[in-house]
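The chain contents come next:
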Amino acid sequence: MKILLLGSGGREHAFAWKIRQSPFCEQLFIAPGNAGTASLGVNVPINPNDFEAIGKFVQDKVVDMVVVGPEEPLVNGIYDYFKNTPALEQVRVIGPSKTGAQLEGSKAFAKRFMMERDIPTAAYAEFTSEQLEEGLDYIEQQSPPVVLKADGLAAGKGVLICQSVEEAKTEFRAMLAGKFGQASSRVVVEEFLDGIEFSVFVITDGNKYKRLPIAKDYKRVGEGDTGLNTGGMGAISPVLFVDDQLKAKVENWIISPTITGLQELGAPYKGFLFFGLIKVGNAPYVIEYNCRMGDPETEVVFPRLENDIVELMMALDDGKLGEIEIKNDPRAAATVILVSGGYPGPYENGKIISGLDEVEGSIVFHAGTKLEDGQVTTNGGRVIALTSYGEDFQKAVALSLKNAEKVQYEGKYYRQDIGFDL
Ligand code: AMP
Ligand code: GLY
């Protein structure tokens, strides 16, 4: 089968790597891809949000399956675009419908969805600019830290954890006044949950689901989880504090009612669903839903998944997920992300990367790279993900760190303490 993968990050390189291992994949296109995906398939310069251009490419090349990596095309309705276009409706699209993707596209939608189904999540209230005074009163009644969330997609920047009520009120006003554009025209004010986070992934057809390996990512730029939030500085899998008891709670309290909720919505959901969870005491709570795989979690989840990913995605589309048994590699996996100097603030692209050939024993996933005149250069905040296996995550991290020294570019930075809190 011919497959088109949308996206250009480390997650998509990991998808491409996994898809290429499948005998079902005859040809792989990646739009737009990066220097890493170019070695696994054909990169095509199409923006994943340009549905007409994607549709035309799919028709021209007779593509059988479109795998959507990032959230934006999903929230913008790429699934619906395909299913409502007669010439494209037969194409398998891996990803939820626009309504299903609202679980990520609108924090308020997700909160209402959870509240209606008693899915454990932080207490909250939502406000628009017409409800400014009400919102300020609500914030007054909270004990800090107070969590403010832009309702819509804000490129991972829309969540603020305010250490005082005063700060929360100032930020709340700024958000409603357009701090994150249209995305913060509605703001969710949420109780702060104190615990340890982990990421759970399922592949689902909206009816049956299969859980993939559990992971934990490290979002802060600085060692010891300090400094600004990033797209993710590293990840590990498995997560040993998620024991059988906690897994059972996650299944019974969170995954299962979420899947039932999707059925009640009546919105097609044939794709990946990512539960951003936090363990408070012995109970799991949902911090957020994402309608896609995680980045950098995919760079450890897929290396540990032994199943053929294309077979899984075909089963998903054929309603046969129930027939598949998920098999995980018993080894631990860890990924360490090499980023551009300055990230997540301003940084420069176009730095020549060397030493990739010297990496030994780790998998190199490109996150933000580009091929320029035969040279691999930096092209993003997160540049390279180095994934390693190990008997335990400490050994895996150590191997990635050893290889991180060999990769060179101006301004290279990475965290050396991935897994430090476990
Ligand atoms: P998000 O953009 O929804 O992934 O949120 C970014 C990060 O903010 C999460 O990964 C958490 O670390 C943190 N966060 C979000 N909501 C809460 C909450 N209610 N309590 C504590 N931390 C939170
Ligand atoms: N690693 C978190 C995310 O992909 O949103």
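This structure is a prediction, so every number in the text was calculated from the model and none was measured.

Draft legend 1. Seen up close, the site of ligand 2. Around ligand 2 sit Asp217, Phe274, Asn290, Arg292, Gly294, Asp295, Pro296 and Glu297, and that is every residue in its neighbourhood. Asp295 has a polar backbone atom sitting 2.9 Å from a nitrogen atom of ligand 2. Glu297 places a polar side-chain atom, nitrogen or oxygen, 2.7 Å from a nitrogen atom of ligand 2. Burial of ligand 2 by the surrounding chains reaches 88%, relative to a free accessible area of 200 Å². Within the shell around ligand 2, the residues separate by chemical class into two nonpolar, two polar and four charged.

Draft legend 2. Just the packing of helix 7 (residues 132–140) against helix 8 (residues 165–176), in detail. Following both chains from N to C, one finds helix 7 and helix 8 inclined at 155 degrees, their axes separated by 10 Å at the closest point. It follows from the interaxial angle that helix 7 and helix 8 lie roughly antiparallel. Where helix 7 crosses over helix 8, the two elements pack in a sense that is right-handed. Of the residues in helix 8, those in contact with Leu132, Gly135, Leu136, Ile139 and Glu140 of helix 7 are Val165, Ala168, Lys169, Phe172, Arg173 and Leu176. For the contact of helix 7 with helix 8, a count of residues per class yields seven nonpolar, one polar and three charged.

Draft legend 3. Broad picture of the packing of aromatic side chains. Per the stated rule, a full pass over the model turns up 15 aromatic pairs. Measuring from ring centre to ring centre gives 6.2 Å for Tyr81 and Phe82, while their planes differ by 75 degrees; the resulting arrangement is edge-to-face. For Phe82, a relative accessible area of 0% translates into the label buried. Grouping aromatic residues by their ring pairs yields a cluster made of Phe15, Phe272 and Phe302. When the ring centre of Phe113 is taken as reference, the NZ or CZ atom of Arg117 above it lies at 4.3 Å. Note that Arg331 overlies the ring of Tyr389, its terminal NZ or CZ placed 3.8 Å from the centroid.

Draft legend 4. Geometry of the side chain of Glu190. Tracing the backbone through its elements, the reader meets Glu190 in strand 9 (residues 186–191). A relative accessible area of 6% means that Glu190 is categorised as buried. Within the local environment of Glu190, its side chain forms a polar contact with the side chain of Lys149, the two groups lying 3.1 Å apart.

Draft legend 5. Here's a closer look at the sheet that holds strand 20 (residues 382–390). Taken together, five strands build an open sheet; the order of strands is 12-13-16-20-17 and the sheet is antiparallel. Each edge of the open sheet carries a strand with a single partner, namely strand 12 (216–222) and strand 17 (363–366). Averaged over all pairs of adjacent strands, the angle between their axes in this sheet comes to 30 degrees, without regard to strand direction. Contacts between helix 1 (residues 10–20) and the sheet are confined to strand 17 and strand 20, with strand 17 contributing the most and set at about 125 degrees to the helix.

Draft legend 6. Local environment of the pairing of strand 10 (residues 196–204). Across the nine residues that make up strand 10, a large majority, seven, are buried. As judged from the nine bridges shared by strand 10 and strand 14 (residues 269–280), these two strands associate in the antiparallel manner. The residue of strand 14 that forms the bridge with Ser199 is Gly276. When strand 10 meets strand 11 (residues 209–211), the two strands line up antiparallel, connected through three bridges. Counterpart to Val202 in the pairing with strand 11 is Arg211.

Cut-offs applied
Residues numbered from 1 in each chain as written. Chains lettered and ligands numbered in written order. Predicted model: local features only at pLDDT ≥ 70, side-chain atom pairs only at ≥ 80, totals over all residues. Heavy atoms only, no water. Near = heavy atom within 4 Å. Polar contact = N/O pair within 3.5 Å; in protein donor to acceptor, adjacent residues only side chain to side chain. Areas by Shrake-Rupley, 256 points an atom, 1.4 Å probe, with all protein chains shown as cover. Nonpolar A, V, L, I, M, F, W, Y, C, P; charged D, E, K, R; others polar. Axes fitted to C-alpha atoms, helices over the stretch in contact; angles between N-to-C directions. Helix = DSSP H or I, 4+ residues; strand = E, 2+ residues; numbered from the N terminus. Parallel < 35°, antiparallel > 145°, perpendicular 65-115°, else oblique. Left-handed = near helix turned anticlockwise from the far one by under 90°. Contact = heavy atoms within 4.5 Å. Phe/Tyr/Trp six-rings, centres within 6.5 Å; stacked < 30°, edge-to-face > 60°. Buried < 20%, exposed > 50% of the residue type's maximum accessible area, 1.4 Å probe, protein only. Lys NZ or Arg CZ within 6 Å of the ring centre and 35° of its normal. Pairing = 2+ DSSP bridges.

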